[in-house]
Amino acid sequence: MKFQAIKGVRDILPPESAMWNRVEQTAREVFASYGYGEIRLPIFEQTELFARSVGLDTDIVQKEMYTFEDRPATLPEPRAYGALGDYLVAIDRAFETGEIPKTERNRKAIQTFRQKFGQFAAESQKLPRGFAQGQPELKDYFALLFEAIYFAQDVQLGDFVSLRPEATASVCRAYIEHGMHTFPGNVKLYYIGPMFRRERPQKGRYRQFYQIGAEVLGQSDAPAIDAEVIEMLMAFFERVGLEGGQKSEIRSQKSEAGSSTSDLRPPTSGVTLYINSIGCKECRPKYVEKLRAALIEHINELKADSQRRVETNPLRVLDSKLPDEQAVIEKLPRITDHLCEACRAHYAEVKKQLELRGVVFLENWRLVRGLDYYMRTTFEITAPGLGAQNAVCGGGRYDGLVELLGGPPTRGIGFAIGTDRLILSLQEREKEKEGGQAEEQGAHTGAPRPLDVFVAWMGAAAQPAAVKIARTLRGAGFSVEVPAEEMKFKKSIGLADKLGARYALIIGENELKEGKFALKRLSDGHQDAFSEADLLAHLKSST
RNA sequence: GUGAGCGUAGCUCAGCCGGUAGAGCAUCGGUCUGUGGAACCGAGGGUCGUGGGUUCAAAUCCCAUCGCUCACCCCA
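Residues numbered from 1 in each chain as written. Chains lettered and ligands numbered in written order. Predicted model: local features only at pLDDT ≥ 70, side-chain atom pairs only at ≥ 80, totals over all residues. Heavy atoms only, no water.

## Quick notes on the nonpolar core
Of all hydrophobic cores here, the largest spans 95 residues; its most connected members are F31, F236, F237, F415 and I417. For this core, the leading source of residues is helix α8 (residues 223-240), giving 10 residues. When sequence neighbours within four positions are dropped, the list of residues in contact with F237 reads L242, E243, V271, I381, V392, C393, I417 and L422. (Core = buried A, V, L, I, M, F, W, Y, C linked by side-chain atoms within 4.5 Å. Buried < 20%, exposed > 50% of the residue type's maximum accessible area, 1.4 Å probe, protein only. Helix = DSSP H or I, 4+ residues; strand = E, 2+ residues; numbered from the N terminus. Contact = heavy atoms within 4.5 Å.)

Here it is as structure tokens:
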């Protein structure tokens, strides 16, 4: 096996891809019913865009993005040492024409490159014919060559671009670029597509993964917007077959656990919605300091990872799953008790609006978002059957992000659904339901595509008739398979069955003679003869 | 980046304390030249992930390496 897919990426084959289409189609329909339009975004952007929105010092930007230099196509490879002279000429010219950035750094690098290369060229003239190992001149000769190469590589040939790790930044960029703040009302957009992260893959976490997301951008931060976004999200999960937990189920858990969320058990089936408010620029920093102080008090009860996070990102300690730390975490101050008046009111109204909409939710004070741009409302949805990565959707409010990216003051809220995980959860659920026997066949036979009619023709004379009727049937909207080569009749019917066709249309000498088609229903073997017109009518009525 | 587990046919796997590679499913052909799912018979398909070592002999033992998987870190 010579070629294989790159680590962390995968193919999605026919029986499964149908499920993907169904899920994505459901999203389109549900989102459209809430007034969202689709935005199709580029798959890569300037690295700077993600760096700014997500934060320069985050892991995401530091090591988890696919980033590369977008150098002009006309430049030769700098690695061809033999052609270093040609390369110098090419770079010189590209710098002059502005094809590569006219930065001070580049000017210097090129200048030094030229100088070192000149020395190298002069030195190489002095070399005796025929190299000999160990000649002292060779050392200097190579040293100059390597210096030249070093400075050649120091030239920044183009902008840095990155495969998108998420789409919110792109949406905001597009919002600004197209002046969408002048659009009437709130701008409601959804997107569907792949994202990229350069991490070790694990269950439900791939290097190319898929998201379905939506964003609302505009002047208003009304709690009803947050609530409607979440309502839509839950409507989507319900339509797709992973309805939220039952109200009674959640209530009983709530009373068991009191106001604490650490003991919460997700409902036995379907998805669970968790919400929280993480405050704003005013109240969150104050809370973080309180939290840090509390953590320092208990520093000895924490493990190494959490101890480190006390410094780097105290909020993350709340995410810890280590059993030993749970008792400490329980006693920590909770952000919902430390919100400023505006945030408290906002959060209360969001909850009220959710109840108004019949959305079942659990409050989780430990639900924090890793990125600075989030504020106030945050939410997350988990699903069963996923392993360690059990969140299928995350989202929150990010007022200020658009402004940070150079746009007008703008409020925003959005979410992203992890399609890979959603599908995984749906598959788990299916397995449970069917006991895992039904799909075995599909997995082996490859792609059972929905096939209405298999045209079993025999004899060269029947082939044209087969082609013709297939075209007619396809035109009428049926899916039709016609063997490209003549087959033994028995094989033909057998293949029709294996492909999962609903009907076999039989065309042989007899049928040609009578000008009719024999239509055989594969499910029970029932067979009838039809003229072309009757055939169409019959097929249409029986679908 | 860190840790653990696993690499044998297209898929799922067996192969004991070393003796020269197997099953089921799938595929293809036949029994069966105008009627499928079944049955029976047969065929193709494997440098046992790769490289090295030990040995008369390695899928099996040892080392290295690559790959996959799960988890940690991180989480968009």
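So that's the structure; there's more coming.
## A word on the sheet that holds strand β3 (residues 67-70)
If you trace the three strands from one edge of the open sheet to the other, you get β2-β4-β3, paired in antiparallel fashion. Of all strands in the sheet, those bounded by a partner on one side alone are β2 (44-46) and β3. Strand-to-strand twist in this sheet, taken as the mean axis angle between neighbours without regard to direction, amounts to 40°. Relative to strand β4 (residues 159-163), β2 runs antiparallel, the two being bridged by three bridges. Bridge pairing in β4 places Q46 opposite V161. (Pairing = 2+ DSSP bridges. Axes fitted to C-alpha atoms, helices over the stretch in contact; angles between N-to-C directions.)

## What to know about the environment of G475
By the secondary structure assignment, G475 is in helix α18 (residues 463-475). Of the residues examined, G475 reaches a relative accessible area of 69% and is grouped as exposed. Counting along the chain gives 454 residues from G475 to N21, while the straight-line C-alpha distance between them is 23 Å.

## Points about the pairing of strand β7 (residues 272-277)
Within β7, six of the six residues are buried, which leaves the element mostly enclosed by the surrounding structure. Sheet topology places β7 next to strand β9 (residues 375-382); six bridges connect them, and they run antiparallel. When the sheet's bridge partners are listed, N276 is paired in β9 with T378. Across two bridges, β7 lies against strand β8 (residues 362-363) in parallel orientation. Bridge pairing links Y274 to L362 in β8.

## Here we look at the protein's contact with RNA strand B
Taken together, 46 residues are adjacent to RNA strand B, and R200, R205, R309, K490 and L522 come closest. When atoms of RNA strand B within 4 Å of the protein are split into backbone and base, the sugar-phosphate part holds 50%. E199 is positioned with one of its side-chain polar atoms (N or O) 2.9 Å from a base oxygen of RNA strand B. If you list the elements that add at least two residues to the surface near RNA strand B, you get α3 (59-63), α11 (304-312), α19 (489-498), α20 (509-514) and β15 (517-521). (Near = heavy atom within 4 Å. Polar contact = N/O pair within 3.5 Å; in protein donor to acceptor, adjacent residues only side chain to side chain.)

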